[in-house]
Amino acid sequence: MVKVGTMKDREGKVIQCYRKKYRIHIERVTREKTNGQTVPVGIHPSNVVITKLKLDKDRKALLERKAAGAAKGKYTNRDVSMGSVD
């Protein structure tokens, strides 16, 4: 769902990510060129809220691996507070 800009409150699936220009293209968010052809409008990802993720088993496994790696070797709040208890 687009939250900011001229295409505000439009919804659709992300059909393409243009990583070089930091833009995403969303279906049904198009404009018409002067010759009558419709083209997708590039929207910056910070102006968009993703409401539903498509998670298959591979994507879910990737997210679980990233979450496990983020917790590994990090200090927690409890570790920091126990450090001053000598």
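Residues numbered from 1 in each chain as written. Predicted model: local features only at pLDDT ≥ 70, side-chain atom pairs only at ≥ 80, totals over all residues. Heavy atoms only, no water.

A. Structural context of the confidence of the model for the protein chain. Looking at the protein chain, pLDDT values average 87 and 86% of them are 70 or higher. The least confident element of the protein chain, judged by mean pLDDT, is helix α2 (residues 77-82) at 68; the most confident is strand β3 (residues 38-43) at 95. (pLDDT = per-residue confidence, 0-100. Helix = DSSP H or I, 4+ residues; strand = E, 2+ residues; numbered from the N terminus.)

B. Broad picture of the pattern of salt bridges. Counted by the stated rule, this structure contains 1 salt bridge. Its salt-bridge partner being E27, residue R28 comes within 3.4 Å of it at the nearest N-O pair. (Salt bridge = Lys/Arg side-chain N within 4 Å of Asp/Glu carboxyl O.)

C. Layout of the sheet that holds β3. In space, the 3 strands of this open sheet follow the order β1-β2-β3, with antiparallel pairing throughout. Bordering the open sheet on either side are β1 (14-18) and β3, each of which pairs with just one other strand. Each strand of the sheet is rotated relative to its neighbour by a mean of 50°, with strand direction disregarded. Summarising the sheet, β1 and strand β2 (residues 23-32) pair through 4 bridges and their orientation is antiparallel. Bridged to Q16 within β2 is H25. (Pairing = 2+ DSSP bridges. Axes fitted to C-alpha atoms, helices over the stretch in contact; angles between N-to-C directions.)

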